[in-house]
Amino acid sequence: MPTTSLDLKKEILRVKKERNAIILAHNYQVGPIQDIADYVGDSLGLARQAQETDADVIAFCGVHFMAETAKILNPKKTVVLPDRDAGCSLETSCPGPVLEKYLEDNKEKNYYVIAYINCSAHVKALCDVICTSGNAVKIVNQAPADRPILFVPDANLGQWVMEQTGRKMDLWQGSCYVHVEFTRESIQKIKDEYPDAAVVAHPECTQAVRLLADEVCSTEKMIAFCQDSPSKNIIVVTESGMLNRLRKEAPDKNLIPGPTDHCACADCKFMKMNTLEKLYDCINDLTPTVEMDDDLRLRAEKSLLLMLEQS
Ligand code: 13P
Ligand code: SF4
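Within every chain, residues take consecutive numbers counted from 1 along the sequence as written. Chains carry letters and ligands carry numbers; both start at the beginning, A for chains and 1 for ligands, and go up in the order they are written. In view of the model being predicted, local features appear only for residues whose pLDDT reaches at least 70, and side-chain atom pairs are presented and counted only at 80 or more, with totals across whole chains, interfaces and linings using the full set of residues. To obtain the side-chain values, all non-hydrogen atoms of the structure were included, while hydrogens and water were left out.

Chemist: Help me understand the environment of lysine 77 in this model?
Modeler: Relative to the assigned elements, lysine 77 resides in the loop between α4 (64-73) and β4 (78-80). Taking C-alpha positions, lysine 77 is 24 Å from valine 129, a pair spaced 52 residues apart along the chain. What makes two residues a contact is simply this: any of their non-hydrogen atoms within 4.5 Å. Apart from the residues lying within four places of it in its own chain, the contact partners of lysine 77 are Thr53, Asp54, Ala55, Asp56, Ile58 and Lys71. A polar contact of 2.9 Å, which involves the side chain of lysine 77, links it to the backbone oxygen of alanine 55. Only DSSP runs of H or I reaching four residues or more are called helices, and only runs of E reaching two or more are called strands; each is numbered from the N terminus. Think of a polar contact as two N or O atoms within 3.5 Å of one another; within protein, one of them needs to be a possible hydrogen donor and the other a possible acceptor, and neighboring residues in sequence only count if both atoms come from side chains.

This is the structure:
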């Protein structure tokens, strides 16, 4: 194992070439991982990249459900991730067997099930279509008008999509433990400090917080919002890793948290489990890998492909 971070970066690039690997990283990853990745983006962009790559190995720097999505779309490729334990509170809030029983008990409702991509392969296999924060409105707008919708697992994203589309949906009561920590009061305090600031928030935030935002969008769309905003000061209400790309791609903006006591960004402990060292190890040792039963994979792939087709 190389010792300095420069050596490590060089070694990652060397083993990456040797293995014909691609490094995909989510916008919430730490700066050094984003810097070395072939592609950095939101869940939708990452799913598209995973679908299109001709690399033999996908090293996925994000959380487990994202690497699993890459495997669903690429059964023949080796998908590795730096830390197998990088989970997601949304995924755990909707266990596959519990959803399966719920659908069985409510068969007469004939639900059209839309699952936010932050869920297990089991949940993906049970639903009709997947969505991400970047395409949720589009996907819900294409749902059959004559069937009730069950939206899982994020109640906050689901509520925001209902507001955007006017479509009523039954909402699974899951949430992102990071985004529900932001409160109306904490964001209002920052706004009081920077009265002219624009506010951009992720739709996983609560409605009380979203109401304070000028824009509610996926992490990818935050880049264009910050670049195009006439405001110099922008309060970014999401996970802290987002600031890495924003600082590079909207360098003339004052992205808040600045010198303030009230931080608008917070860490996702799962996203932050990945390090350059673990990235090197997973590409070099080709472990841990994502493995999946083929029947489950095929059922999960159906709803993912429909999402990609509809978005
Ligand atoms: P995005 O698809 O907007 O990047 O969101 C993913 C996520 O996990 C947000 O918490
Ligand atoms: Fe899951 Fe929230 Fe972390 Fe995103 S920020 S990966 S939704 S726990």
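Chemist: Please explain the site of ligand 1 as it appears in this structure.
Modeler: Within the structure, ligand 1 sits among His26, Tyr28, Asp42, Ser43, Tyr116, Asn118, Ser133, His179, His202, Glu204, Ser218 and Thr219. One nitrogen or oxygen atom from the side chain of serine 43 is found 2.8 Å from an oxygen atom belonging to ligand 1. Contact between ligand 1 and threonine 219: an oxygen atom at 2.6 Å from a side-chain N or O atom of the residue. Surface accessibility follows the Shrake-Rupley procedure with a 1.4 Å probe radius. Residue values consider only the protein chains on display as shielding. Across the complex, the protein chains shield 96% of the 300 Å² of accessible surface that ligand 1 would expose by itself. Definitions used for this entry: grid spacing 1 Å over protein atoms alone; cavity, a set of points where a 1.4 Å probe fits but cannot get out; pocket, an open set with protein on both sides within 12 Å along at least 5 of 7 lines; lining residue, one with an atom within 4 Å of a point. Any molecule with more than half of its atoms within 2 Å of a cavity's or pocket's grid points is regarded as sitting in that cavity or pocket. Judged by its atoms lying within 2 Å of the grid points, ligand 1 is housed in the largest cavity. Proximity is defined per residue: any heavy atom of the residue falling within 4 Å of a molecule or strand makes that residue near it.

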